Structure formats: C-alpha cells, structure tokens
Amino acid sequence: MIRLLLVDDQIIIRQGLKSLLESKPDFEIVGEAENGESAIAQVEVLQPDLVLMDVRMPVMDGVAATEVISQQFPAVKVLVLTTFDDDEYVSQAMQFGAKGYLLKDTPLEPLANAIRSIHQGHTQLGPGLFEKVLSPLLHSTTPKPLNSPSGLAELTPREREVLRFIAAGASNREIAQSLYITERTVKNHVTSILSRLNLRDRTQAAIFANSFLSSLKNS
C-alpha cells in the first residue's frame with residue numbers, strides 16, 4: 001500500500017484527486033494540506049510514502065516545501081502535480097529534491113503508474129518536461145559540453161556501468177549488489193561521475209544518462 005498526502009490550495013482539486021486515486025487498491029490517502037507549510041507539518045505527523053505537491057500556493061509554495069521535505073524527511077518522496085510547466089518551476093523542483101513533475105491534466109492511469117514508479121525509486125517527468133529540466137545543463141557556461149556524449153569519454157568503464165544503473169533509477173544499494181561492490185564504493189563512483197560531467201546531483205545524472213543512453217550502451 002502506498003500512503004499518499006495530497007497538497008493543493010484548492011479543495012475541489014484535492015477532492016477530485018482523492019476520489020480518483022482511492023479507486024486504486026494499492027493507494028491510501030492519509031491526509032491533505034492546503035499549502036506548503038501545512039504539508040511539512042502533515043509529513044512530520046503522518047510520514048506518508050509520497051506527497052503529491054502543487055506549486056503555487058499561499059503561505060509557502062510547493063517548491064520551497066519540496067526542499068524542506070527532501071532535506072528533513074528523505075524517505076518521503078515528492079511528486080509535483082501542477083498546471084504550471086514553466087522552466088524555472090520544473091528545474092527548481094527537481095533540483096530541490098522532487099522525484100517527479102507532472103501536469104494536472106495527466107490521465108489517471110499514467111499518474112498512477114508514475115506514483116508507483118517513484119515509490120520504487122525512479123524519476124518521472126511528464127511529456128515535454130524532460131527538455132525543461134535538461135535546459136539549464138545545455139545552456140551551462142561550464143567548459144565541458146553536456147549537450148554532447150563526448151563527455152562520457154572521461155568516465156572509466158566502471159563509472160559508465162554505475163551511470164547506466166543511475167539512469168534506470170537504481171539505488172546505491174541496488175547498484176552495489178548488482179556490481180558486487182560496497183555502497184561506499186558506489187558513492188565514490190557517483191561523486192566522480194558528477195564531478196567529471198559537471199552535474200549537480202543524481203537527478204541530473206539520470207537525465208543526462210537517459211539523454212545519451214545509446215552512447216552509454218555502446219561505450
């Protein structure tokens with residue numbers, strides 16, 4: 001059972017989501033919140049598995065709340081569900097720890113599948129949003145060209161293996177078990193990968209890897 005917290009300043013939206021999601025036998029709505037501040041308080045008390053977070057809300061917006069929840073409650077995953085697909089919102093939400101970003105017009109089945117996928121440790125982006133997250137990387141002024149798979153040449157064979165697993169959404173523990181190495185070694189490889197490719201975090205590494213998946217397969 002996946003325990004969900006619904007966060008939206010419009011009660012009609014929360015009621016609609018609750019009605020739709022409760023039709024799925026593996027979902028349980030454990031609470032609701034009308035703004036980011038309330039969401040943080042609810043997360044502390046309810047400890048949901050996943051938060052469906054709106055962006056624009058009074059008191060505290062969803063991006064700020066996502067950052068706090070990701071830092072203070074790392075086991076709780078956040079899926080941003082909003083009507084806004086602005087580049088800044090998408091990139092900031094993912095930067096601050098969101099595991100997914102979907103628009104509110106997403107049909108029920110894709111939404112339900114995204115929730116399940118994020119619960120399993122994967123990252124989910126709605127149609128057309130991949131480019132918005134990748135955009136800051138493509139326009140980076142750093143010398144390493146992230147819009148070219150040539151950056152992969154700097155990675156060792158083991159680092160390329162680890163990057164493939166990151167692209168698939170595997171955790172450090174899963175990577176360690178698959179490659180028969182320690183989690184500490186995996187962490188060291190991840191740190192090296194981020195440094196070599198001038199990437200900020202694991203989410204950007206996954207986006208980069210999926211963008212050039214064919215290059216990874218052939219490397």
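Look up: the structure comes first, before these words.
The following refers to the structure shown. Just so you know, these numbers come straight off a predicted model, no measurement behind them. Numbering of residues starts from 1 in each chain and follows the order in which that chain's sequence is written. Selection of residues for local features in this predicted model requires a pLDDT of at least 70, selection of side-chain atom pairs for listing and counting requires 80 or more, and totals for whole chains, interfaces and linings are taken over all residues. Only hydrogens and water are removed before side-chain values are computed, so all heavy atoms of the structure are retained for them.

Considering the nonpolar core
Next, step 1: By convention a nonpolar core is built from buried Ala, Val, Leu, Ile, Met, Phe, Trp, Tyr and Cys residues, the set being connected through side-chain atoms within 4.5 Å. Note on exposure labels: buried denotes an accessible area under 20% of the residue type's maximum, exposed denotes more than 50%, and partly exposed covers the range between, all computed with a 1.4 Å probe on protein chains only. One finds Val7, Val43, Val51, Met53, Ile69, Val80 and Tyr101 to be the most contacted residues of the largest nonpolar core, which totals 23 residues.
Next, step 2: For this analysis, residues touch if any pair of their heavy atoms sits within 4.5 Å. Contacts of Val43, omitting those with residues within four sequence positions, involve Leu5, Pro48, Val51, Ile69, Phe73 and Val76.
Next, step 3: Membership of the second largest hydrophobic core comes to 21 residues, among which are Leu163, Ala167, Ala170 and Ala205.

Regarding the sheet that holds strand 3 (residues 50-53)
Next, step 1: A pair of strands is treated as paired once DSSP finds two or more bridges between them. Think of it this way: any DSSP run of H or I at least four residues long counts as a helix, any run of E at least two long counts as a strand, and we number them from the N terminus. Taken in spatial order, the six strands of this open sheet run 2-1-3-4-5-6, and their pairing is parallel. The sheet terminates laterally at strand 2 (27-33) and strand 6 (124-125), the two strands that pair on one side only.
Next, step 2: In the sheet, strand 4 (residues 77-82) pairs with strand 5 (residues 100-103) via four bridges, with the strands oriented parallel. Bridged to Leu81 within strand 5 is Leu102.
Next, step 3: Inter-axis angles, ranging from 0 to 180 degrees, are taken between N-to-C directions of lines fitted to C-alpha atoms, where helices are fitted over the stretch in contact. Its contacts with the sheet put helix 3 (residues 62-72) on strand 3 and strand 4, and the angle it makes with strand 3 is roughly 165 degrees.
Next, step 4: Most of the contacts of helix 5 (residues 108-119) go to strand 4, to which it runs at about 155 degrees, and overall it touches strand 1 (2-7), strand 2, strand 3, strand 4, strand 5 and strand 6.

Details of the pattern of salt bridges
Next, step 1: When a carboxyl oxygen of Asp or Glu is within 4 Å of a side-chain nitrogen of Lys or Arg, the pair counts as a salt bridge. Scanning the model with the defined rule gives 10 salt bridges in all.
Next, step 2: One salt bridge in this structure joins Lys18 and Glu32, with 4.0 Å as the shortest N-O distance. Here Lys18 is found in helix 1 (residues 11-21), whereas its partner Glu32 is found in strand 2, with 14 residues between them in sequence.
Next, step 3: Here Arg196 makes a salt bridge to Glu159, at a shortest N to O gap of 3.0 Å. In this pair, Arg196 sits in helix 9 (residues 183-197) while Glu159 sits in helix 7 (residues 157-167), placing the two residues 37 residues apart along the sequence.
Next, step 4: When salt bridges with common partners are traced through the structure, they connect Asp8, Asp54 and Lys104 into a single cluster.

Side note on unusual backbone geometry
Next, step 1: With a phi angle near 50 degrees, Gln47 is a residue other than glycine that sits in the positive phi range.
Next, step 2: Residue position: Gln47 is located in the loop between helix 2 (36-46) and strand 3.
Next, step 3: If you check the backbone angles, Asn198 has positive phi at about 55 degrees while not being a glycine.
Next, step 4: Note on placement: Asn198 falls in the loop between helix 9 and helix 10 (202-211).

A short note on helix 2
Each α-helix winds once per 3.6 residues, and so residues spaced three or four apart point in a common direction.
Next, step 1: Of all the residues in helix 2, the buried ones are Gly36, Ser38, Ala39, Ile40 and Val43.
Next, step 2: The N-terminus of helix 2 is capped by Asn35, whose side-chain oxygen sits 3.1 Å from the backbone nitrogen of Glu37. By the criterion applied in these results, polar contacts are pairs of N or O atoms within 3.5 Å in which, for protein atoms, one can donate a hydrogen and the other can accept it, and in which residues neighboring in sequence qualify only through two side-chain atoms.

Thoughts on the pairing of strand 4
Next, step 1: For strand 4, the buried fraction is high: five of the six residues fall into the buried class.
Next, step 2: When strand 3 meets strand 4, the two strands line up parallel, connected through four bridges. Across the sheet, residue Val51 finds its bridge partner in strand 4, namely Val78.
Next, step 3: Since strand 3 and strand 4 lie parallel, the crossover through helix 3 that links them has a hand, and here it is right-handed. Place the viewer so that the strands point away; then a crossover is right-handed whenever the path from the first strand over the helix to the second strand goes clockwise.

A closer look at the packing of helix 1 against helix 5
Next, step 1: Viewed as axis vectors pointing N to C, helix 1 and helix 5 meet at an angle of 80 degrees, and their least axial separation amounts to 11 Å. The angle between helix 1 and helix 5 places the two elements in the roughly perpendicular class. Contact with helix 1, carried on its side by Leu17, Leu20 and Leu21, involves Leu108, Leu111 and Ile115 of helix 5 and no other residues of that element.
Next, step 2: Residues are grouped as follows: nonpolar covers Ala, Val, Leu, Ile, Met, Phe, Trp, Tyr, Cys and Pro; charged covers Asp, Glu, Lys and Arg; every other residue, Gly included, is treated as polar. Here the residues of the contact of helix 1 with helix 5 sort into six nonpolar, no polar and no charged. We call two directions roughly parallel when the angle between them is under 35 degrees, roughly antiparallel when it is over 145, roughly perpendicular when it lies between 65 and 115, and oblique otherwise.

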